[in-house]
Amino acid sequence: MFENKGLLRYDIFMSGDKFIIRGGRPLAGEIEIRGSKNAVTKLMIASLLTDEPCVIENVPLTHDTDITVELCEKIGSRVLLDREAHTVKIHTPEVLHPIVPELSRKNRIPVLALGPLLHRSGYAEVPVLGGCPIGHRPINFHIEAFEKMGVEVRRKEQSYFAEAGEIHGAEIEFPFPSVGATENVILAATLAQGRTTIKNAAVEPEIYNLVEMLRLMGAKILWKPEERVVEIDGVNKLHGASVSVIPDRNEAVSFATAALATGGEVWVRGARKEHLKSFLAKADEMGGFVSLTDGGIIFKGKDQYRPLRIETSPHPGFMTDWQQPICVLLTRADGESIIHETVYEDRFGYTADLIRMGAYIEISGECLGFSPCRFASQAANHSVRIRGPVKLYGAAIAMTDIRAGMAHIIAALAAEGESIITGVEHIDRGYEKIEERLGRLGADIKRI
Ligand code: EPU
């Protein structure tokens, strides 16, 4: 057993909310997962394609939802977010301002509004993207696809300006199956002239949720996930629809991993096996107890696990948003584990804090244990070697992005002693009232 006691950090005096977590308690009970953060925002943007009202159910109350409400209101939508019922009604009879000003907070959603705003107004401007410090995250695929569809996009200092006489269908093949670019083209293609074919499309469940809504609105979309092909035949008009957000598979994995890392037992209600296949296979391989039930999945932990080799990849592969929680869990595996990240080039920054808590993790620019990926020649630290089992100790640590933040929380829950975690605003972007919900599972977590 390696031991390396957590050190003190002084950035805990930074402003903003903090979590204080006293670790070492096995989580137990049941928890219901909320609607998907990465689906709801896209459904809200889809509503801008019609002048009729749309109703979205199972809406998570997160900051990303709030930012998207703000975006819709700025362009002239009437938005009613019912926080009790977790529903949002959006009605955009007219787009009053196709120029979206700087929003109060940033996320990566505004660029997806380009298609709907162009169809409604002929031109549009959206602020440059925000998001997480996990890689360069360019939007060249979006822009190249739009240009093929007859849209002219200009980068200004703080925004993108787009103009189109008529948006027409096109054949588009992405160099990598990008979630955002696939969504952007689907949204723009629904009202375009003629057929758009997307090859090497991303086929994440959240994108299918968007496709479902657009079909209910009258869009003609052929979805062929096995071939990574989406075909859209443009229609003249879309109408209002009512749709439900799918359960958040990232929340499901977060709670599952927290249960396994604390040696607890949690029934994750709403978790869908078909969205989690690659995670469930790994949880099983490492020796975690997984039981599928009606309406959810039970995860039961133990003291020690088998090590794993994981390579992240687009759906249906092991998701990049899952490697952070599972990295914490692998500190409890007996032997050497490897994670090779192939979606983002810079997504292991959080491991520095895990090391300070006692983890033994080596970060590498090589494609450890797997064939070379597109980051092989970029000197990007995109692989880690984790040796266990180790004991984690509470420490003062700082979240830098949403999924890294979940790794921090799980590490603190599993660690001996107290942790103080800053940067809680990252978690609030995508997890609703996380401390209350973990508290109901027996976690000793306080927001200050
Ligand atoms: N890429 C390009 N050019 C582009 C677009 C993407 O090079 O024009 C690259 C990116 O740099 C990255 C890869 O392609 O290396 C994949 O990016 P993708 O476009 O698929 O990601 P995204 O749409 O920006 C969404 C989620 C992410 C999630 C990824 C992958 C939302 C709002 N975000 O991002 O979620 O990790 O897909 O599944 O849906 C999170 O929730 O924490 C999060 C980061």
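Residues numbered from 1 in each chain as written. Predicted model: local features only at pLDDT ≥ 70, side-chain atom pairs only at ≥ 80, totals over all residues. Heavy atoms only, no water.

(A) View of the overall build of the protein. Assigned secondary structure in the protein consists of 13 helices and 23 strands. Computed over C-alpha atoms, the radius of gyration of the protein comes to 22 Å, within 12% of the 22 Å expected from 2.2 N^0.38 for 448 residues, which places it in the range of a compact globule. Within the protein, residue pairs in contact and separated by at least 24 positions form 74% of the contacts whose partners lie at least 6 positions apart. Element-wise, carbon and sulfur atoms account for 49% of the exposed surface of the protein, whose accessible area totals about 17,300 Å². Side chains of the protein carry 52 positive and 60 negative charges; the gap between the two charge centres is 2 Å. (Helix = DSSP H or I, 4+ residues; strand = E, 2+ residues; numbered from the N terminus. Rg over C-alpha atoms; globule rule 2.2 N^0.38 Å. Contact = heavy atoms within 4.5 Å. Areas by Shrake-Rupley, 256 points an atom, 1.4 Å probe, with all protein chains shown as cover. Lys, Arg positive; Asp, Glu negative; His and termini not counted. Charge placed at Lys NZ, Arg CZ, Asp CG, Glu CD.)

(B) Structural context of the site of the ligand. Surrounding the ligand, one finds 23 residues, the nearest of these being N140, S178, V179, V343 and R403. Side-chain polar atom of K37 to an oxygen atom of the ligand: 2.9 Å apart, as the coordinates give it. Contact between the ligand and D321: an oxygen atom at 2.8 Å from a side-chain N or O atom of the residue. In the complex, the protein chains occlude 92% of the 830 Å² of accessible area that the ligand would expose alone. Looking at the shell around the ligand, the elements with two or more residues in it are α1 (37-46), α4 (140-148), α5 (179-189) and α11 (402-414). Classifying every residue of the shell around the ligand gives nine nonpolar, six polar and eight charged. (Near = heavy atom within 4 Å. Polar contact = N/O pair within 3.5 Å; in protein donor to acceptor, adjacent residues only side chain to side chain. Nonpolar A, V, L, I, M, F, W, Y, C, P; charged D, E, K, R; others polar.)

(C) Region of the structure containing the domain arrangement of the protein. As assigned here, the protein comprises domain 1 (2-33 + 247-447) and domain 2 (37-244). A straight line from the C-alpha centre of domain 1 to that of domain 2 covers 30 Å. Taken residue by residue, the interface counts 26 residues in domain 1 and 25 residues in domain 2. Of the roughly 2,100 Å² buried between domain 1 and domain 2, counting both surfaces, carbon and sulfur atoms make up 52%. Looking at the side of domain 1 facing domain 2, the largest losses of area belong to H315, R429 and E432, adding up to 32% of the total buried there. When the shortest N-O distance is used, the salt bridge between R429 and D64 registers 3.1 Å. Applying the counting rule to domain 1 against domain 2 returns 10 residue pairs in polar contact (both at pLDDT 80 or more). Secondary structure elements with two or more residues in the side of domain 1 that touches domain 2: α7 (249-261), α11 and α12 (425-428). (Domains from an automatic or database assignment. Buried area = accessible area lost by both parts, 1.4 Å probe. Salt bridge = Lys/Arg side-chain N within 4 Å of Asp/Glu carboxyl O.)

(D) Region of the structure containing the packing of aromatic side chains. A full pass over the atoms with the stated rule returns seven aromatic pairs. When the ring of Y208 is compared with that of W223, the centres are 5.3 Å apart and the planes differ by 40 degrees; the resulting orientation is tilted. Of this pair, Y208 sits in helix α6 (residues 205-216) while W223 sits in strand β11 (residues 220-224), placing them 15 residues apart in sequence. The partly exposed category is assigned to Y208, whose relative accessible area is 29%. (Phe/Tyr/Trp six-rings, centres within 6.5 Å; stacked < 30°, edge-to-face > 60°. Buried < 20%, exposed > 50% of the residue type's maximum accessible area, 1.4 Å probe, protein only.)

(E) Spatial organisation of the nonpolar core. The biggest cluster of nonpolar side chains holds 81 residues, and the ones touching the most others in it are I56, M149, I186 and L214. Every residue in contact with M149, bar those within four places of it in the chain, is listed here: E166, I167, H168, A170, I172, V185, A188, A189, A192 and T196. Within the second largest apolar cluster, 68 residues are counted, among which are F348, A359, M406 and A443. (Core = buried A, V, L, I, M, F, W, Y, C linked by side-chain atoms within 4.5 Å.)

(F) Quick look at the packing of α1 against helix α2 (residues 63-75). The N-to-C vectors of α1 and α2 enclose an angle of 10 degrees; their axes lie 9 Å apart at closest approach. When the axis of α1 is compared with that of α2, the two are roughly parallel. In this structure, α1 contributes K37, V40, T41, M44 and I45 to the contact, and α2 contributes D64, T65, T68, V69, L71 and C72. Here the contact of α1 with α2 is built from residues that sort into six nonpolar, three polar and two charged. (Axes fitted to C-alpha atoms, helices over the stretch in contact; angles between N-to-C directions. Parallel < 35°, antiparallel > 145°, perpendicular 65-115°, else oblique.)

(G) Representation of the sheet that holds strand β16 (residues 296-300) in the model. Spatially, the four strands line up as an open sheet ordered β2-β14-β16-β15, and their pairing is mixed. What marks the edges here is a single partner per strand, and that holds for β2 (28-32) and β15 (289-293). Each adjacent strand pair in this sheet contributes to an overall mean axis angle of 15 degrees, direction not counted. Taken together, the five bridges between β15 and β16 define a ladder with antiparallel strand orientation. When the sheet's bridge partners are listed, S291 is paired in β16 with I298. (Pairing = 2+ DSSP bridges.)

(H) Structural context of the pairing of β16. Most of β16 is tucked away, with four of its five residues classed as buried. Pairing geometry for strand β14 (residues 265-269) and β16, over five bridges, is antiparallel. Bridge pairing links E265 to K300 in β16. Hairpin geometry of β15 and β16 is characterised by an intervening segment of two residues between the two adjacent antiparallel strands and by a positive phi of about 85 degrees at G295.

(I) Spatial organisation of unusual backbone geometry. Look at the link from H315 to P316: it is a cis peptide, with omega at 10 degrees. Residue position: P316 is located in the loop between β17 (309-311) and α9 (323-330). Here G388 and P389 are connected by a cis peptide whose omega angle stands at 5 degrees. Relative to the elements of secondary structure, P389 occurs in the loop between β20 (383-388) and β21 (396-398). One non-glycine residue, R228, lies in the positive phi region at around 55 degrees.

(J) Looking closely at α2. A rise of 1.5 Å per residue sets the reference length of α2, with its 13 residues, at 18 Å; its end C-alpha atoms lie 19 Å apart and thus fit the reference within 8%. Taken together, the buried positions of α2 are occupied by D64, T65, I67, T68, V69, E70, L71, C72 and I75. Turning to α2, the residues buried within the fold contact α1, β4 (78-82), β5 (87-91) and α3 (114-121). At the C-terminal side of α2, G76 shows a positive phi close to 115 degrees. (Expected span 1.5 Å × (residues − 1).)

(K) Highlighting the side chain of S36. Its location among the elements puts S36 in the loop between β2 and α1. Assessed through its relative accessible area of 2%, S36 is described here as buried. Here the side chain of S36 touches N38 through a polar contact of 3.2 Å, landing on its backbone nitrogen. If sequence neighbours within four positions are ignored, S36 has contacts with P60, E206, V245, I246, P247 and D248.

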